[in-house]
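Residue strings, one per chain:
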Amino acid sequence: MDVISVIRTKRDRGELSPEQIDWVIDAYTRGEVADEQMSALAMAILLNGMNRTEIARWTAAMIASGERMNFDALSRPTADKHSTGGVGDKITLPLAPLVAACGAAVPQLSGRGLGHTGGTLDKLESIPGWRALLSNEEMLNVLDTTGAVICAAGDGLAPADKKLYALRDVTGTVEAIPLIASSIMSKKIAEGTGSLVLDVKVGTGAFMKTIEDARELASTMVALGTDSGVRTVALLTDMSTPLGLTAGNALEVRESVEVLAGGGPSDVVELTLALAREMLDAAGIKDADPAKALADGSAMDVWKRMIAAQGGDPDATLPVAREQHVVTASASGVLTRLDAYDVGIAAWRLGAGRARKEDPVQAGAGVELHAKPGETVTAGQPLMTLHTDTPEKFDYALQSLGSAYDIAPAGTEFTANPIVLDRIA
Ligand code: URA
């Protein structure tokens, strides 16, 4: 097998054979295929695609590059959720303890933010003492004792994807549906969950800008999961405007705790409950009521135990950024658009996100929204508060908010996008 013939096959729009796929993934993981060769192949895949047979084999080869976890010893059925990433997407935080409170075990291997999308681990690390890195044994122990664990994926899980994802990130090859689907599903299948709910985001703040692309990604991932014996369902959900009223790390933890206390913004509550119902259904738990588990405090109890089991103090005061800047409404009327991407970029520039994987993030930085599309605003009223420890970042963040919102004359009809746009099972 030689790598140049593999690259040429895909460059010339051919179908990669199972042997070619197994070999190239293994040889790349071992360092025999160089980064520049793999990036040429990734670009050929981005341009010419892969069919479902190729994608399934590519995913299997990435799973085979590392270890597989197994939760068979647990007394509860396992259910996991994966979001393709968005702005203000803090849903994992209330969702994992909520679904655990309803009887499932939730092994939630999560990631860090990159670019304008936030990362669950960065958010949770704003809680004093909380640790993202657990050994497999620690992870199983937290899962077994509290019902839920949110932590970083260990180095042994799909190492081919780790290497390939870092390469795609710097070679303009992230946005290829076959590569995204195989990247996400190789980790989820290797993790060993029995059921999986995918939250595929659609809109300006998401990877998938159109509903057609989101459907294609979702149905590819559902097929990969189902063919591997994981009960998999996908919701396509709106990411044209930020979820909830915060985008940032500690800011989003605070909002998640409000949801667990029975309050919080209605869109966050609605999506949390919709995903919880899907996870419980996929796990075969029929008689639980997640709305009740939010209202009666049982989800909050699991949250506190889960955070404490990973060294965090669930009652500690969360970090607050040193400086604030208020953005006011430029006119009176109905707020008809508040762009998720622009708000995400502002939060990132304020210090909530990172430009390179090794950059630190500011726990208190981000954007707090005071109005959402559909609300009536008055000229001069606060629309957003920007938070950062480094006030010299305000100007740069404000540049991304220059055309982030529209205000139409009072009385203008406004119809909000539904949160859940479609379901693929
Ligand atoms: N998340 C992943 O894990 N992989 C991708 O390719 C894109 C998003």
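What counts and what doesn't
Residues numbered from 1 in each chain as written. Predicted model: local features only at pLDDT ≥ 70, side-chain atom pairs only at ≥ 80, totals over all residues. Heavy atoms only, no water. Helix = DSSP H or I, 4+ residues; strand = E, 2+ residues; numbered from the N terminus. Buried < 20%, exposed > 50% of the residue type's maximum accessible area, 1.4 Å probe, protein only. Lys, Arg positive; Asp, Glu negative; His and termini not counted. Charge placed at Lys NZ, Arg CZ, Asp CG, Glu CD. Phe/Tyr/Trp six-rings, centres within 6.5 Å; stacked < 30°, edge-to-face > 60°. Lys NZ or Arg CZ within 6 Å of the ring centre and 35° of its normal. Near = heavy atom within 4 Å. Polar contact = N/O pair within 3.5 Å; in protein donor to acceptor, adjacent residues only side chain to side chain. Areas by Shrake-Rupley, 256 points an atom, 1.4 Å probe, with all protein chains shown as cover. Domains from an automatic or database assignment. Salt bridge = Lys/Arg side-chain N within 4 Å of Asp/Glu carboxyl O. Core = buried A, V, L, I, M, F, W, Y, C linked by side-chain atoms within 4.5 Å. Contact = heavy atoms within 4.5 Å. Pairing = 2+ DSSP bridges. Right-handed = clockwise from strand over helix to strand, strands pointing away. Axes fitted to C-alpha atoms, helices over the stretch in contact; angles between N-to-C directions. Left-handed = near helix turned anticlockwise from the far one by under 90°. Nonpolar A, V, L, I, M, F, W, Y, C, P; charged D, E, K, R; others polar. Expected span 1.5 Å × (residues − 1).

An unreviewed UniProt entry lists the chain under the name Thymidine phosphorylase, with Streptomyces achmelvichensis given as the organism.

*Asks:* I'm lost on the overall build of the chain in this one. Help?
*Replies:* Each helix and strand counted, the chain has 16 helices and 13 strands in total. Its C-alpha atoms put the chain at 65 × 45 × 40 Å along the principal axes. The proportion of buried residues among the 425 residues of the chain is 54%. With 38 positive and 56 negative side-chain charges, the chain shows a separation of 2 Å between the mean positions of the two kinds.

*Asks:* Just checking my understanding: could you explain the packing of aromatic side chains for this structure?
*Replies:* Given two aromatic rings, their pairing is described by the distance between the two centres and the angle made by the two planes. Using the criterion set out here, one finds zero aromatic pairs in the structure. Against the face of Tyr 28 rests Lys 163, its NZ or CZ located 4.4 Å from the ring centre. One residue, Lys 187, lies across the ring of Tyr 165, its end atom 5.8 Å from the ring centre.

*Asks:* Please explain the site of the ligand as it appears in this structure.
*Replies:* In the vicinity of the ligand, the contacting residues are Tyr 165, Arg 168, Ile 180, Ser 183, Ile 184, Lys 187 and Phe 207. Arg 168 places a side-chain nitrogen or oxygen 2.9 Å from an oxygen atom of the ligand. At 2.5 Å, a side-chain N or O of Lys 187 approaches an oxygen atom of the ligand. Starting from 230 Å² of accessible surface for the ligand in isolation, the protein chains cover 90%.

*Asks:* Whenever I open this one, the domain arrangement of the chain confuses me. Can you help?
*Replies:* Many analyses report the size of an interface as the accessible area lost when the parts associate. By the assigned domains, the chain splits into domain 1 (3-49), domain 2 (80-309) and domain 3 (323-408). A straight line from the C-alpha centre of domain 1 to that of domain 3 covers 41 Å.

*Asks:* Mind showing me how you'd approach the pattern of salt bridges here?
*Replies:* Here the idea is simple: oppositely charged side chains can pair when their charged atoms come close. Inspection of the entire model under this criterion finds 27 salt bridges. Of the charged contacts, one joins Arg 112 and Glu 125 as a salt bridge, the two residues approaching to 2.9 Å between their closest N and O atoms. Highlighted residues: Arg 112 in the loop between β2 (106-110) and α6 (120-124) and Glu 125 in the loop between α6 and α7 (136-146), separated in sequence by 13 residues. Between Asp 296 and Lys 292 there is a salt bridge, and its shortest N-O distance comes to 3.8 Å. Accessibility expressed as a relative area gives 53% for Lys 292, which makes it exposed.

*Asks:* When you look at the nonpolar core in this model, what are you seeing that I'm missing?
*Replies:* Across soluble globular proteins, nonpolar side chains have a tendency to be buried as a group. Counting 72 residues, the largest nonpolar core has Trp 303, Val 367, Met 384 and Leu 386 as its most contacted members. Looking at this core, the element that brings in the most residues is helix α12 (residues 266-282), giving eight residues. Split by domain, the residues of this core number at least three in each of domain 2 (80-309) and domain 3 (323-408). Not counting the four nearest positions on each side in its chain, Val 367 is found in contact with Leu 245, Thr 246, Ala 247, Leu 251, Val 343, Ala 346, Ala 347, Leu 350, Met 384, Thr 385 and Leu 386. Residues Trp 58, Leu 134, Met 185 and Val 222 belong to the second largest nonpolar core, which totals 60 residues.

*Asks:* Is there a simple way to explain the side chain of Ser 83 in this structure?
*Replies:* Tracing the sequence through the fold places Ser 83 in strand β1 (residues 79-83). Only 3.0 Å separates the side chain of Ser 83 from the backbone nitrogen of Gly 85, close enough to count as a polar contact. Side-chain polar atoms of Ser 83 contact the side chain of Asp 89, separated by 2.6 Å. In this structure, Ser 83 is in contact with Asp 89, Asp 199 and Lys 201, ignoring residues within four places of it in sequence.

*Asks:* Honestly, the side chain of Ser 182 in this entry has me stumped. Any pointers?
*Replies:* Looking at the element boundaries, Ser 182 is found in helix α9 (residues 177-191). Here the side chain of Ser 182 touches Pro 178 through a polar contact of 2.8 Å, landing on its backbone oxygen. Among the polar contacts listed, one links the side chain of Ser 182 to the backbone oxygen of Leu 179, at a separation of 3.3 Å. Setting aside residues up to four positions removed in sequence, Ser 182 forms contacts with Ile 55, Trp 58, Thr 59, Met 62 and Leu 224.

*Asks:* So what exactly am I meant to see when it comes to the pairing of strand β4 (residues 195-202) here?
*Replies:* Look at any regular strand and the pattern is simple: side chains alternate between the two faces of the sheet. With eight of eight residues buried, β4 is to be regarded as a mostly interior element. In β4, alternate side chains face the same way, and those of Ser 195, Val 197, Asp 199 and Lys 201 on one face and Leu 196, Leu 198, Val 200 and Val 202 on the other are all buried. Note that β4 and strand β5 (residues 231-238) share eight bridges and pair parallel. Counted as the bridge partner of Lys 201 is Thr 237 from β5. Where the polypeptide runs from β4 across helix α10 (residues 211-227) and back to β5, its parallel neighbour, the crossover connection is right-handed.

*Asks:* Would you take a moment to explain the sheet that holds strand β6 (residues 246-248) for this structure?
*Replies:* Two modes of strand pairing occur in sheets, parallel and antiparallel, and in both the strands are linked by backbone hydrogen bonds. Ordered in space as β6-β9-β11-β7, the four strands form an open sheet in which the pairing is antiparallel. Only two strands of the sheet have a single partner each, and these edge strands are β6 and β7 (323-328). With direction set aside, neighbouring strand axes in the sheet form an average angle of 15 degrees. Looking at chain direction, β7 and strand β11 (residues 382-388) are connected through six bridges and run antiparallel.

*Asks:* When you look at the packing of helix α8 (residues 159-169) against α9 in this model, what are you seeing that I'm missing?
*Replies:* Contact geometry for α8 and α9: axes closest at 11 Å, N-to-C directions at 145 degrees. In this structure, the crossing between α8 and α9 has a hand that is left-handed. Contact residues: Asp 161, Tyr 165 and Arg 168 in α8; Leu 179, Ile 180, Ser 183, Ser 186 and Lys 187 in α9. Each residue belonging to the contact of α8 with α9 can be placed in one class, and the counts come to three nonpolar, two polar and three charged.

*Asks:* So what exactly am I meant to see when it comes to helix α4 (residues 52-64) here?
*Replies:* Taking 1.5 Å of rise per residue, 13 residues should cover 18 Å, and α4 covers 18 Å from first to last C-alpha, within 8% of that figure. Of all the residues in α4, the buried ones are Glu 54, Ile 55, Trp 58, Thr 59, Ala 61, Met 62 and Ile 63. Lining the buried residues of α4 we find α1 (3-11), α2 (18-30), α3 (35-48), α8, α9 and α10. At the N-terminal end of α4, a side-chain oxygen is found 3.1 Å from the backbone nitrogen of Thr 53, two or three residues along, and the residue is Asn 51.

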